There are 2 protein chains.
Amino acid sequence: MTVAADPDQAARAALEALSTARVAQTSSTAERVADALREQVVEGRLLPGVRLGEQSFCDAMRVSRNTLREAFSQLVAERILVREAHRGVFVTTPGVADVHDVYRSRRIVEPAAVRHGENARDEAAVSRVRDAVEEGRAAAGREDWAGVADANQHFHRALVGLAGSTRLDQQMDLLLAEMRLTFHRMGTHRDFHEPYLERNDAVATLVERGELEEAAREVADYLADAETRIIASLSGART
Amino acid sequence: MTVAADPDQAARAALEALSTARVAQTSSTAERVADALREQVVEGRLLPGVRLGEQSFCDAMRVSRNTLREAFSQLVAERILVREAHRGVFVTTPGVADVHDVYRSRRIVEPAAVRHGENARDEAAVSRVRDAVEEGRAAAGREDWAGVADANQHFHRALVGLAGSTRLDQQMDLLLAEMRLTFHRMGTHRDFHEPYLERNDAVATLVERGELEEAAREVADYLADAETRIIASLSGART
DNA sequence: CGTCGCGCATCGTTCAACGATCCGGCATGG
DNA sequence: CCATGCCGGATCGTTGAACGATGCGCGACG
(Lines give C-alpha, C1' and ligand atoms only; values in the text may rest on other atoms or scores of the structure.)
Protein backbone atom coordinates (compact mmCIF):
# COMPACT_ATOMS: atom_id res chain seq x y z
CA MET A 1 0.00 0.00 0.00
CA THR A 2 1.25 3.46 -0.85
CA VAL A 3 1.88 5.84 2.03
CA ALA A 4 0.59 9.30 1.27
CA ALA A 5 2.86 12.25 1.99
CA ASP A 6 -0.01 14.09 3.63
CA PRO A 7 -1.68 11.81 6.18
CA ASP A 8 -4.68 14.09 6.42
CA GLN A 9 -5.22 13.83 2.71
CA ALA A 10 -4.93 10.08 2.96
CA ALA A 11 -7.54 10.00 5.68
CA ARG A 12 -9.92 12.06 3.61
CA ALA A 13 -9.42 9.79 0.61
CA ALA A 14 -10.02 6.71 2.74
CA LEU A 15 -13.18 8.23 4.19
CA GLU A 16 -14.54 8.97 0.74
CA ALA A 17 -13.78 5.46 -0.44
CA LEU A 18 -15.53 3.96 2.57
CA SER A 19 -18.57 6.15 2.17
CA THR A 20 -18.90 5.25 -1.49
CA ALA A 21 -18.43 1.54 -1.11
CA ARG A 22 -21.16 0.72 1.36
CA VAL A 23 -19.98 -1.10 4.43
CA ALA A 24 -20.37 -4.80 3.77
CA GLN A 25 -22.43 -5.74 6.80
CA THR A 26 -23.64 -8.95 5.25
CA SER A 27 -23.30 -10.54 8.65
CA SER A 28 -26.25 -11.97 10.54
CA THR A 29 -25.88 -15.72 10.54
CA ALA A 30 -29.52 -16.17 9.67
CA GLU A 31 -29.10 -14.22 6.45
CA ARG A 32 -26.09 -16.22 5.41
CA VAL A 33 -27.98 -19.44 6.11
CA ALA A 34 -30.90 -18.17 4.06
CA ASP A 35 -28.56 -17.30 1.20
CA ALA A 36 -26.98 -20.73 1.29
CA LEU A 37 -30.35 -22.46 1.27
CA ARG A 38 -31.69 -20.24 -1.47
CA GLU A 39 -28.68 -21.07 -3.60
CA GLN A 40 -29.18 -24.79 -3.02
CA VAL A 41 -32.75 -24.43 -4.19
CA VAL A 42 -32.22 -22.33 -7.30
CA GLU A 43 -29.25 -24.47 -8.29
CA GLY A 44 -31.60 -27.42 -8.29
CA ARG A 45 -29.84 -29.40 -5.58
CA LEU A 46 -32.96 -29.11 -3.44
CA LEU A 47 -35.87 -30.09 -5.64
CA PRO A 48 -39.50 -29.00 -5.18
CA GLY A 49 -41.38 -31.06 -2.64
CA VAL A 50 -38.33 -32.02 -0.60
CA ARG A 51 -38.78 -31.69 3.12
CA LEU A 52 -36.27 -29.68 5.14
CA GLY A 53 -36.24 -31.15 8.64
CA GLU A 54 -35.12 -28.70 11.26
CA GLN A 55 -33.01 -31.10 13.24
CA SER A 56 -31.06 -32.45 10.30
CA PHE A 57 -30.35 -29.04 8.80
CA CYS A 58 -29.36 -27.59 12.16
CA ASP A 59 -26.29 -29.71 12.67
CA ALA A 60 -25.60 -29.96 8.95
CA MET A 61 -25.08 -26.18 8.78
CA ARG A 62 -23.74 -25.89 12.33
CA VAL A 63 -26.31 -23.34 13.47
CA SER A 64 -28.90 -23.34 16.20
CA ARG A 65 -32.49 -24.26 15.56
CA ASN A 66 -33.76 -20.73 16.16
CA THR A 67 -31.30 -19.26 13.69
CA LEU A 68 -32.32 -21.82 11.12
CA ARG A 69 -35.97 -21.07 11.74
CA GLU A 70 -35.31 -17.38 11.16
CA ALA A 71 -33.73 -18.23 7.82
CA PHE A 72 -36.69 -20.46 7.00
CA SER A 73 -39.11 -17.65 7.75
CA GLN A 74 -37.34 -15.38 5.31
CA LEU A 75 -37.42 -17.97 2.55
CA VAL A 76 -41.08 -18.68 3.24
CA ALA A 77 -41.76 -14.98 2.76
CA GLU A 78 -39.96 -15.25 -0.58
CA ARG A 79 -42.25 -18.14 -1.56
CA ILE A 80 -39.22 -20.40 -2.06
CA LEU A 81 -40.27 -22.58 0.86
CA VAL A 82 -43.66 -23.38 2.30
CA ARG A 83 -44.29 -24.12 5.94
CA GLU A 84 -46.89 -26.66 6.97
CA ALA A 85 -47.74 -26.46 10.64
CA HIS A 86 -46.22 -29.22 12.74
CA ARG A 87 -45.01 -30.98 9.61
CA GLY A 88 -42.03 -28.98 8.53
CA VAL A 89 -40.92 -26.75 5.68
CA PHE A 90 -40.77 -27.95 2.09
CA VAL A 91 -39.39 -26.61 -1.14
CA THR A 92 -42.30 -24.99 -2.91
CA THR A 93 -43.96 -27.03 -5.65
CA PRO A 94 -45.57 -24.42 -7.90
CA GLY A 95 -48.83 -25.54 -9.40
CA VAL A 96 -50.43 -24.55 -12.66
CA ALA A 97 -52.41 -21.87 -10.86
CA ASP A 98 -49.18 -20.37 -9.53
CA VAL A 99 -47.63 -20.26 -12.97
CA HIS A 100 -50.73 -18.59 -14.30
CA ASP A 101 -50.65 -15.99 -11.55
CA VAL A 102 -46.94 -15.30 -11.95
CA TYR A 103 -47.35 -14.74 -15.66
CA ARG A 104 -50.32 -12.50 -15.19
CA SER A 105 -48.09 -10.41 -12.97
CA ARG A 106 -45.18 -10.51 -15.41
CA ARG A 107 -47.40 -9.54 -18.33
CA ILE A 108 -48.36 -6.44 -16.37
CA VAL A 109 -44.94 -5.47 -15.08
CA GLU A 110 -42.43 -6.28 -17.79
CA PRO A 111 -43.98 -4.60 -20.82
CA ALA A 112 -44.85 -1.55 -18.76
CA ALA A 113 -41.31 -1.35 -17.41
CA VAL A 114 -39.96 -1.46 -20.95
CA ARG A 115 -42.46 1.07 -22.27
CA HIS A 116 -41.85 3.62 -19.53
CA GLY A 117 -38.14 3.07 -18.99
CA GLU A 118 -36.70 6.14 -17.34
CA ASN A 119 -34.48 7.85 -19.88
CA ALA A 120 -31.82 8.88 -17.40
CA ARG A 121 -30.32 5.55 -16.47
CA ASP A 122 -30.82 4.04 -19.88
CA GLU A 123 -27.15 4.00 -20.75
CA ALA A 124 -26.23 1.50 -18.08
CA ALA A 125 -29.58 -0.31 -17.92
CA VAL A 126 -29.78 -0.88 -21.66
CA SER A 127 -26.28 -2.30 -21.74
CA ARG A 128 -27.29 -4.77 -19.05
CA VAL A 129 -30.04 -6.00 -21.34
CA ARG A 130 -27.55 -6.46 -24.15
CA ASP A 131 -25.10 -8.18 -21.79
CA ALA A 132 -27.75 -10.72 -20.83
CA VAL A 133 -28.35 -11.51 -24.49
CA GLU A 134 -24.66 -12.07 -25.11
CA GLU A 135 -24.38 -14.16 -21.97
CA GLY A 136 -27.12 -16.38 -23.34
CA ARG A 137 -25.41 -16.70 -26.72
CA ALA A 138 -22.13 -17.62 -25.08
CA ALA A 139 -23.76 -20.25 -22.89
CA ALA A 140 -25.57 -21.72 -25.89
CA GLY A 141 -22.28 -21.78 -27.77
CA ARG A 142 -20.76 -24.10 -25.21
CA GLU A 143 -24.03 -26.06 -24.90
CA ASP A 144 -24.48 -24.98 -21.28
CA TRP A 145 -28.26 -25.02 -21.16
CA ALA A 146 -28.46 -24.24 -17.47
CA GLY A 147 -26.36 -21.20 -18.30
CA VAL A 148 -28.85 -20.25 -21.01
CA ALA A 149 -31.62 -20.46 -18.45
CA ASP A 150 -29.65 -18.20 -16.11
CA ALA A 151 -29.02 -15.70 -18.88
CA ASN A 152 -32.71 -15.70 -19.68
CA GLN A 153 -33.50 -14.76 -16.11
CA HIS A 154 -30.88 -12.03 -16.21
CA PHE A 155 -32.46 -10.75 -19.40
CA HIS A 156 -35.88 -10.35 -17.85
CA ARG A 157 -34.43 -8.84 -14.73
CA ALA A 158 -32.62 -6.32 -16.91
CA LEU A 159 -35.89 -5.51 -18.66
CA VAL A 160 -37.64 -4.46 -15.47
CA GLY A 161 -34.39 -2.78 -14.48
CA LEU A 162 -35.20 -0.28 -17.23
CA ALA A 163 -37.87 1.11 -14.94
CA GLY A 164 -35.22 2.05 -12.39
CA SER A 165 -37.17 1.07 -9.30
CA THR A 166 -35.47 -0.95 -6.59
CA ARG A 167 -38.78 -2.26 -5.31
CA LEU A 168 -39.84 -3.43 -8.73
CA ASP A 169 -36.48 -5.16 -9.14
CA GLN A 170 -36.94 -7.04 -5.89
CA GLN A 171 -40.45 -8.11 -6.79
CA MET A 172 -39.10 -9.37 -10.09
CA ASP A 173 -36.40 -11.35 -8.32
CA LEU A 174 -39.08 -13.14 -6.32
CA LEU A 175 -41.05 -13.97 -9.44
CA LEU A 176 -37.96 -15.24 -11.23
CA ALA A 177 -36.97 -17.42 -8.28
CA GLU A 178 -40.43 -18.96 -8.41
CA MET A 179 -40.02 -19.57 -12.12
CA ARG A 180 -36.79 -21.43 -11.43
CA LEU A 181 -38.71 -23.84 -9.23
CA THR A 182 -41.14 -24.43 -12.05
CA PHE A 183 -38.32 -25.05 -14.51
CA HIS A 184 -36.88 -27.66 -12.22
CA ARG A 185 -40.17 -29.52 -12.36
CA MET A 186 -40.05 -29.53 -16.14
CA GLY A 187 -37.67 -31.60 -18.21
CA THR A 188 -34.33 -30.45 -19.55
CA HIS A 189 -33.97 -26.73 -19.99
CA ARG A 190 -32.72 -26.91 -23.54
CA ASP A 191 -35.96 -27.41 -25.38
CA PHE A 192 -37.59 -24.58 -23.55
CA HIS A 193 -34.98 -21.85 -23.31
CA GLU A 194 -33.16 -22.19 -26.60
CA PRO A 195 -35.84 -20.71 -28.88
CA TYR A 196 -35.88 -17.47 -26.90
CA LEU A 197 -32.30 -16.52 -27.68
CA GLU A 198 -33.26 -14.78 -30.90
CA ARG A 199 -36.35 -13.16 -29.42
CA ASN A 200 -34.18 -11.74 -26.63
CA ASP A 201 -31.89 -10.30 -29.26
CA ALA A 202 -34.78 -8.74 -31.14
CA VAL A 203 -36.12 -7.11 -27.98
CA ALA A 204 -32.68 -5.84 -27.05
CA THR A 205 -32.11 -4.15 -30.40
CA LEU A 206 -35.56 -2.55 -30.26
CA VAL A 207 -34.73 -1.17 -26.84
CA GLU A 208 -31.37 0.10 -28.02
CA ARG A 209 -33.04 1.92 -30.88
CA GLY A 210 -35.46 3.51 -28.45
CA GLU A 211 -38.46 1.85 -30.07
CA LEU A 212 -39.90 1.11 -26.66
CA GLU A 213 -43.50 0.70 -27.72
CA GLU A 214 -42.54 -2.02 -30.19
CA ALA A 215 -40.27 -3.66 -27.64
CA ALA A 216 -43.01 -3.72 -25.03
CA ARG A 217 -45.43 -5.34 -27.44
CA GLU A 218 -42.86 -7.96 -28.36
CA VAL A 219 -42.22 -8.71 -24.69
CA ALA A 220 -45.95 -9.14 -24.09
CA ASP A 221 -46.23 -11.64 -26.95
CA TYR A 222 -43.10 -13.33 -25.70
CA LEU A 223 -44.52 -13.84 -22.24
CA ALA A 224 -47.87 -15.07 -23.46
CA ASP A 225 -46.13 -17.64 -25.61
CA ALA A 226 -43.84 -18.78 -22.82
CA GLU A 227 -46.75 -19.21 -20.44
CA THR A 228 -48.74 -21.46 -22.75
CA ARG A 229 -45.68 -23.57 -23.44
CA ILE A 230 -44.85 -23.93 -19.76
CA ILE A 231 -48.37 -24.84 -18.77
CA ALA A 232 -48.58 -27.37 -21.57
CA SER A 233 -45.32 -28.94 -20.48
CA LEU A 234 -46.46 -28.91 -16.86
CA SER A 235 -49.86 -30.49 -17.34
CA GLY A 236 -48.31 -32.97 -19.73
CA ALA A 237 -46.21 -34.23 -16.84
CA ARG A 238 -47.62 -35.45 -13.56
CA THR A 239 -49.73 -33.00 -11.57
CA MET B 1 -78.15 -26.91 4.35
CA THR B 2 -79.97 -29.04 1.85
CA VAL B 3 -79.80 -32.80 2.33
CA ALA B 4 -79.04 -34.53 -0.93
CA ALA B 5 -81.02 -37.59 -1.90
CA ASP B 6 -77.84 -39.44 -2.77
CA PRO B 7 -75.49 -39.38 0.24
CA ASP B 8 -72.55 -40.43 -1.87
CA GLN B 9 -73.10 -37.47 -4.15
CA ALA B 10 -73.28 -35.23 -1.09
CA ALA B 11 -69.98 -36.54 0.19
CA ARG B 12 -68.32 -35.87 -3.12
CA ALA B 13 -69.70 -32.33 -3.19
CA ALA B 14 -68.48 -31.71 0.35
CA LEU B 15 -65.04 -32.97 -0.54
CA GLU B 16 -64.84 -30.65 -3.48
CA ALA B 17 -65.92 -27.69 -1.37
CA LEU B 18 -63.35 -28.47 1.31
CA SER B 19 -60.55 -28.78 -1.21
CA THR B 20 -61.47 -25.43 -2.73
CA ALA B 21 -61.92 -23.51 0.51
CA ARG B 22 -58.51 -23.90 2.09
CA VAL B 23 -58.49 -24.83 5.75
CA ALA B 24 -58.16 -21.64 7.80
CA GLN B 25 -55.10 -22.39 9.91
CA THR B 26 -54.21 -18.80 10.75
CA SER B 27 -52.61 -19.77 14.02
CA SER B 28 -48.89 -19.32 14.71
CA THR B 29 -48.28 -16.89 17.54
CA ALA B 30 -45.58 -15.08 15.60
CA GLU B 31 -48.01 -14.26 12.82
CA ARG B 32 -50.57 -12.89 15.23
CA VAL B 33 -47.90 -10.77 16.89
CA ALA B 34 -46.80 -9.48 13.48
CA ASP B 35 -50.40 -8.63 12.62
CA ALA B 36 -50.86 -6.74 15.87
CA LEU B 37 -47.67 -4.76 15.39
CA ARG B 38 -48.47 -3.99 11.76
CA GLU B 39 -51.85 -2.68 12.80
CA GLN B 40 -50.28 -0.45 15.43
CA VAL B 41 -47.97 0.98 12.81
CA VAL B 42 -50.48 1.62 10.03
CA GLU B 43 -52.94 3.06 12.53
CA GLY B 44 -50.30 5.59 13.42
CA ARG B 45 -49.92 4.61 17.06
CA LEU B 46 -46.32 3.66 16.37
CA LEU B 47 -44.78 6.54 14.46
CA PRO B 48 -41.80 6.35 12.10
CA GLY B 49 -38.47 6.41 13.87
CA VAL B 50 -39.75 4.90 17.10
CA ARG B 51 -37.56 2.19 18.51
CA LEU B 52 -39.10 -1.17 19.39
CA GLY B 53 -37.03 -2.63 22.20
CA GLU B 54 -37.20 -6.38 22.36
CA GLN B 55 -37.38 -6.66 26.11
CA SER B 56 -40.19 -4.18 26.56
CA PHE B 57 -42.34 -5.60 23.78
CA CYS B 58 -41.77 -9.15 24.96
CA ASP B 59 -43.60 -8.83 28.26
CA ALA B 60 -46.02 -6.24 26.88
CA MET B 61 -47.37 -8.79 24.39
CA ARG B 62 -46.77 -11.80 26.64
CA VAL B 63 -44.65 -13.69 24.15
CA SER B 64 -41.14 -15.00 24.21
CA ARG B 65 -38.25 -13.07 22.77
CA ASN B 66 -37.71 -15.59 19.99
CA THR B 67 -41.33 -15.41 18.92
CA LEU B 68 -41.20 -11.63 18.91
CA ARG B 69 -38.03 -11.69 16.84
CA GLU B 70 -39.72 -13.93 14.31
CA ALA B 71 -42.54 -11.40 14.01
CA PHE B 72 -39.97 -8.62 13.67
CA SER B 73 -38.25 -10.46 10.85
CA GLN B 74 -41.49 -10.69 8.92
CA LEU B 75 -42.21 -6.99 9.30
CA VAL B 76 -38.66 -6.13 8.30
CA ALA B 77 -39.22 -8.13 5.12
CA GLU B 78 -42.33 -6.01 4.54
CA ARG B 79 -40.24 -2.83 4.94
CA ILE B 80 -42.48 -1.70 7.79
CA LEU B 81 -39.61 -2.01 10.24
CA VAL B 82 -35.87 -1.67 9.80
CA ARG B 83 -33.32 -3.57 11.81
CA GLU B 84 -30.02 -1.93 12.76
CA ALA B 85 -27.49 -4.44 13.96
CA HIS B 86 -27.00 -4.44 17.72
CA ARG B 87 -29.19 -1.35 18.05
CA GLY B 88 -32.70 -2.62 17.65
CA VAL B 89 -35.62 -2.42 15.24
CA PHE B 90 -37.29 0.86 14.37
CA VAL B 91 -40.41 1.89 12.51
CA THR B 92 -39.28 2.73 9.00
CA THR B 93 -38.82 6.42 8.23
CA PRO B 94 -39.25 6.63 4.45
CA GLY B 95 -37.02 9.21 2.83
CA VAL B 96 -37.60 11.21 -0.32
CA ALA B 97 -35.68 8.60 -2.29
CA ASP B 98 -38.05 5.91 -1.04
CA VAL B 99 -41.12 7.89 -2.05
CA HIS B 100 -39.60 8.43 -5.47
CA ASP B 101 -38.90 4.73 -5.85
CA VAL B 102 -42.33 3.68 -4.67
CA TYR B 103 -44.01 5.98 -7.14
CA ARG B 104 -41.82 4.85 -9.98
CA SER B 105 -43.07 1.36 -9.18
CA ARG B 106 -46.68 2.45 -8.87
CA ARG B 107 -46.56 4.36 -12.16
CA ILE B 108 -45.51 1.13 -13.81
CA VAL B 109 -47.92 -1.22 -12.11
CA GLU B 110 -51.18 0.63 -11.63
CA PRO B 111 -51.82 1.98 -15.12
CA ALA B 112 -50.77 -1.31 -16.66
CA ALA B 113 -53.07 -3.22 -14.32
CA VAL B 114 -55.98 -1.00 -15.33
CA ARG B 115 -55.17 -1.17 -19.03
CA HIS B 116 -54.88 -4.96 -19.15
CA GLY B 117 -57.56 -5.84 -16.61
CA GLU B 118 -58.62 -9.42 -17.18
CA ASN B 119 -62.15 -9.37 -18.51
CA ALA B 120 -63.27 -12.45 -16.60
CA ARG B 121 -63.30 -11.15 -13.07
CA ASP B 122 -64.26 -7.64 -14.00
CA GLU B 123 -67.76 -7.86 -12.60
CA ALA B 124 -66.58 -8.21 -9.02
CA ALA B 125 -63.31 -6.32 -9.36
CA VAL B 126 -64.91 -3.26 -10.94
CA SER B 127 -67.51 -3.07 -8.21
CA ARG B 128 -64.72 -3.07 -5.64
CA VAL B 129 -63.31 0.03 -7.32
CA ARG B 130 -66.69 1.72 -7.14
CA ASP B 131 -67.11 0.65 -3.51
CA ALA B 132 -63.83 2.31 -2.58
CA VAL B 133 -64.99 5.55 -4.20
CA GLU B 134 -68.23 5.49 -2.24
CA GLU B 135 -66.35 4.64 0.95
CA GLY B 136 -64.26 7.76 0.42
CA ARG B 137 -67.30 9.92 -0.19
CA ALA B 138 -68.98 8.65 2.95
CA ALA B 139 -65.89 9.27 5.06
CA ALA B 140 -65.55 12.79 3.66
CA GLY B 141 -69.21 13.41 4.42
CA ARG B 142 -68.60 12.81 8.12
CA GLU B 143 -65.27 14.67 7.99
CA ASP B 144 -63.35 11.51 8.80
CA TRP B 145 -60.13 12.31 6.97
CA ALA B 146 -58.30 9.25 8.18
CA GLY B 147 -61.19 7.28 6.72
CA VAL B 148 -60.73 9.12 3.43
CA ALA B 149 -57.09 8.10 3.44
CA ASP B 150 -58.08 4.49 4.06
CA ALA B 151 -60.60 4.60 1.23
CA ASN B 152 -57.95 6.00 -1.05
CA GLN B 153 -55.71 3.06 -0.31
CA HIS B 154 -58.59 0.69 -0.93
CA PHE B 155 -59.19 2.42 -4.24
CA HIS B 156 -55.66 1.87 -5.49
CA ARG B 157 -55.64 -1.67 -4.24
CA ALA B 158 -58.84 -2.27 -6.17
CA LEU B 159 -57.21 -0.82 -9.28
CA VAL B 160 -54.39 -3.36 -9.31
CA GLY B 161 -56.98 -5.94 -8.34
CA LEU B 162 -58.30 -5.51 -11.87
CA ALA B 163 -55.25 -7.43 -13.06
CA GLY B 164 -56.39 -10.45 -11.08
CA SER B 165 -52.97 -11.51 -9.85
CA THR B 166 -52.52 -12.46 -6.21
CA ARG B 167 -48.81 -11.70 -6.31
CA LEU B 168 -49.39 -8.26 -7.76
CA ASP B 169 -51.97 -7.60 -5.05
CA GLN B 170 -49.52 -8.51 -2.33
CA GLN B 171 -46.80 -6.32 -3.82
CA MET B 172 -49.30 -3.48 -3.91
CA ASP B 173 -50.17 -4.03 -0.26
CA LEU B 174 -46.51 -3.59 0.64
CA LEU B 175 -46.25 -0.38 -1.35
CA LEU B 176 -49.43 0.99 0.22
CA ALA B 177 -48.22 0.17 3.72
CA GLU B 178 -45.07 2.10 2.99
CA MET B 179 -47.14 5.02 1.76
CA ARG B 180 -49.02 5.03 5.04
CA LEU B 181 -45.74 5.56 6.85
CA THR B 182 -45.03 8.51 4.62
CA PHE B 183 -48.45 10.00 5.25
CA HIS B 184 -47.87 9.81 8.97
CA ARG B 185 -44.76 11.91 8.52
CA MET B 186 -46.76 14.57 6.70
CA GLY B 187 -49.28 16.83 8.31
CA THR B 188 -53.02 16.23 8.49
CA HIS B 189 -54.42 13.97 5.85
CA ARG B 190 -57.22 16.30 4.85
CA ASP B 191 -55.32 18.68 2.60
CA PHE B 192 -53.74 15.86 0.73
CA HIS B 193 -56.42 13.25 0.27
CA GLU B 194 -59.54 15.35 -0.22
CA PRO B 195 -58.80 16.56 -3.78
CA TYR B 196 -58.55 13.02 -5.06
CA LEU B 197 -62.13 12.09 -4.29
CA GLU B 198 -63.39 13.38 -7.62
CA ARG B 199 -60.48 11.98 -9.59
CA ASN B 200 -61.18 8.57 -8.08
CA ASP B 201 -64.76 8.90 -9.23
CA ALA B 202 -63.67 9.81 -12.74
CA VAL B 203 -61.35 6.83 -12.97
CA ALA B 204 -64.05 4.51 -11.64
CA THR B 205 -66.61 5.61 -14.22
CA LEU B 206 -64.06 5.23 -17.02
CA VAL B 207 -63.35 1.70 -15.83
CA GLU B 208 -67.04 0.91 -15.60
CA ARG B 209 -67.53 2.06 -19.19
CA GLY B 210 -64.68 -0.14 -20.31
CA GLU B 211 -62.61 2.83 -21.49
CA LEU B 212 -59.54 1.27 -19.97
CA GLU B 213 -56.98 3.13 -22.04
CA GLU B 214 -58.38 6.46 -20.90
CA ALA B 215 -58.58 5.25 -17.32
CA ALA B 216 -54.97 4.11 -17.35
CA ARG B 217 -53.81 7.47 -18.68
CA GLU B 218 -55.78 9.26 -15.99
CA VAL B 219 -54.26 7.05 -13.29
CA ALA B 220 -50.77 7.80 -14.57
CA ASP B 221 -51.38 11.54 -14.41
CA TYR B 222 -52.96 11.08 -11.01
CA LEU B 223 -49.90 9.33 -9.63
CA ALA B 224 -47.44 11.80 -11.09
CA ASP B 225 -49.37 14.63 -9.49
CA ALA B 226 -49.57 12.91 -6.12
CA GLU B 227 -45.87 12.22 -6.10
CA THR B 228 -44.84 15.80 -6.70
CA ARG B 229 -47.21 17.00 -4.01
CA ILE B 230 -45.95 14.48 -1.49
CA ILE B 231 -42.31 15.20 -2.16
CA ALA B 232 -42.95 18.92 -1.91
CA SER B 233 -44.72 18.45 1.42
CA LEU B 234 -41.97 16.16 2.62
CA SER B 235 -38.99 18.36 1.76
CA GLY B 236 -40.88 21.35 3.11
CA ALA B 237 -40.88 19.63 6.50
CA ARG B 238 -37.82 18.42 8.32
CA THR B 239 -35.61 15.90 6.54
C1' DC C 1 -11.98 21.36 25.21
C1' DG C 2 -11.33 17.10 23.08
C1' DT C 3 -10.20 12.29 23.51
C1' DC C 4 -9.88 7.98 25.72
C1' DG C 5 -11.54 4.34 28.40
C1' DC C 6 -15.09 2.01 31.27
C1' DG C 7 -19.66 0.17 32.61
C1' DC C 8 -24.35 -0.65 31.29
C1' DA C 9 -28.01 -1.84 28.32
C1' DT C 10 -29.33 -4.27 24.41
C1' DC C 11 -28.85 -7.34 20.62
C1' DG C 12 -27.30 -11.87 18.27
C1' DT C 13 -26.95 -16.57 18.97
C1' DT C 14 -27.18 -20.83 21.28
C1' DC C 15 -28.98 -24.45 24.31
C1' DA C 16 -32.31 -27.25 26.83
C1' DA C 17 -36.92 -28.25 27.69
C1' DC C 18 -42.15 -28.98 27.56
C1' DG C 19 -46.52 -29.42 25.39
C1' DA C 20 -48.96 -29.93 20.91
C1' DT C 21 -49.51 -32.09 16.76
C1' DC C 22 -48.84 -35.35 13.04
C1' DC C 23 -47.48 -39.88 11.07
C1' DG C 24 -47.05 -44.83 11.06
C1' DG C 25 -48.14 -49.25 12.81
C1' DC C 26 -50.87 -52.41 15.50
C1' DA C 27 -54.98 -54.40 17.37
C1' DT C 28 -59.81 -55.00 17.30
C1' DG C 29 -64.26 -55.74 15.10
C1' DG C 30 -67.31 -56.36 11.19
C1' DC D 1 -60.21 -58.90 3.95
C1' DC D 2 -61.06 -54.09 5.03
C1' DA D 3 -62.34 -50.31 8.11
C1' DT D 4 -62.07 -48.13 12.53
C1' DG D 5 -59.78 -46.77 16.70
C1' DC D 6 -55.76 -46.44 19.64
C1' DC D 7 -50.96 -45.76 20.74
C1' DG D 8 -45.98 -44.61 20.48
C1' DG D 9 -42.32 -42.09 18.17
C1' DA D 10 -40.84 -38.12 15.80
C1' DT D 11 -41.11 -33.40 14.77
C1' DC D 12 -42.70 -28.76 15.36
C1' DG D 13 -44.11 -24.43 18.13
C1' DT D 14 -42.94 -21.84 21.96
C1' DT D 15 -40.68 -20.67 26.05
C1' DG D 16 -36.96 -19.39 29.30
C1' DA D 17 -32.33 -18.71 30.39
C1' DA D 18 -27.66 -17.93 29.28
C1' DC D 19 -23.17 -16.06 27.16
C1' DG D 20 -20.53 -13.25 24.18
C1' DA D 21 -20.57 -9.12 21.13
C1' DT D 22 -21.70 -4.55 20.14
C1' DG D 23 -23.19 0.23 20.71
C1' DC D 24 -24.05 4.21 23.82
C1' DG D 25 -23.40 7.39 27.63
C1' DC D 26 -20.57 9.21 31.15
C1' DG D 27 -16.69 10.36 33.64
C1' DA D 28 -11.54 10.93 33.84
C1' DC D 29 -7.55 12.51 31.91
C1' DG D 30 -4.30 15.11 29.10
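Rules used throughout
- Every chain's residues receive numbers from 1 upward, in the order its sequence appears when written.
- Lettering for chains starts from A, numbering for ligands starts from 1, and both go in the order in which the items are written.
- Totals for whole chains, interfaces and linings use every residue, but because this is a predicted model, local features are given only for residues with pLDDT of at least 70 and side-chain atom pairs only at 80 or more, for both listing and counting.
- Hydrogens and water are ignored here; the side-chain numbers use all heavy atoms of the structure.
- In superposing the copies, a least-squares fit is computed on C-alpha atoms, taking residues whose pLDDT is at least 70 in both.
- Contact criterion: two residues are considered in contact whenever any of their non-hydrogen atoms come within 4.5 Å of each other.
- Reported buried area values correspond to the accessible surface (1.4 Å probe) lost by two parts on association, with both partners' losses combined.
- For salt bridges, the criterion is a side-chain nitrogen of Lys or Arg within 4 Å of an Asp or Glu carboxyl oxygen.
- Each polar contact in these results corresponds to two N or O atoms within 3.5 Å; when the atoms are within protein, one needs to be able to donate a hydrogen and the other to accept it, and residues that are neighboring in sequence are counted only if both atoms are side-chain atoms.
- Helix numbers and strand numbers start at the N terminus; a helix is a DSSP run of H or I with at least 4 residues, a strand a run of E with at least 2.
- Near residues are defined by distance, with any heavy atom within 4 Å of the molecule or strand qualifying the residue.
- Under the scheme applied here, ten amino acids are nonpolar (Ala, Val, Leu, Ile, Met, Phe, Trp, Tyr, Cys and Pro), four are charged (Asp, Glu, Lys and Arg), and all others, including Gly, are polar.
- Summary of the metric used: pLDDT quantifies the predictor's per-residue confidence within the range 0 to 100.

Student: Which residues make up the relation of the copies chain B and chain A, and what values do they have?
Tutor: With an RMSD of 0.1 Å, the operation that places chain B on chain A is a rotation of 180 degrees combined with a shift of 0.0 Å along the axis. Both copies of the chain, as the preceding transformation shows, are related through a two-fold rotation axis. Residue by residue, 97% of the interface of chain B is reproduced at the interface of chain A, so both copies engage with the same surface.

Student: Describe the interface of chain B and chain A, and please don't skip the residues or the numbers.
Tutor: Contacts between chain B and chain A engage 31 residues on the former and 31 residues on the latter. Carbon and sulfur atoms make up 44% of the area that chain B and chain A hide from each other, which totals about 2,600 Å². When the buried area of chain B at its contact with chain A is split by residue, B:R104, B:I108 and B:R167 rank highest and sum to 29% of it. As a salt-bridge pair, A:R167 and B:E178 come within 2.5 Å of each other at their nearest N and O atoms. The tally of links between chain B and chain A comes to 15 residue pairs in polar contact (both at pLDDT 80 or more). Of all elements in the fold, only helix 4 (65-77), helix 5 (96-115) and helix 8 (166-185) of chain B reach the threshold of two or more residues within the side of chain B that touches chain A.

Student: Can you break down the protein's contact with DNA strand D residue by residue, with the values?
Tutor: Neighbouring DNA strand D are 20 residues, the closest being A:R65, A:R69, B:T29, B:T67 and B:R87. Taking the atoms of DNA strand D that fall within 4 Å of the protein, sugar and phosphate contribute 68% of them. Here a base oxygen of DNA strand D sits 2.8 Å away from a polar atom, N or O, in the side chain of A:R65. Secondary-structure elements contributing two or more residues to the surface near DNA strand D are helix 4 (65-77) of chain A together with helix 4 of chain B. Here the surface near DNA strand D is built from residues that sort into 1 nonpolar, 10 polar and 9 charged.

Student: So what's going on with the confidence of the model for chain A? Residues and values would help.
Tutor: Residue and element names in this part refer to chain A. Scored by pLDDT, chain A has a mean of 87; 86% of the residues are at 70 or more. Note on residues 1-8: pLDDT under 50 across the span, and 1 contact to partners over four residues away in sequence or across chains. Between residues 10-25, whose pLDDT stays under 50, and residues either more than four places distant or in other chains, the model counts 1 contact.

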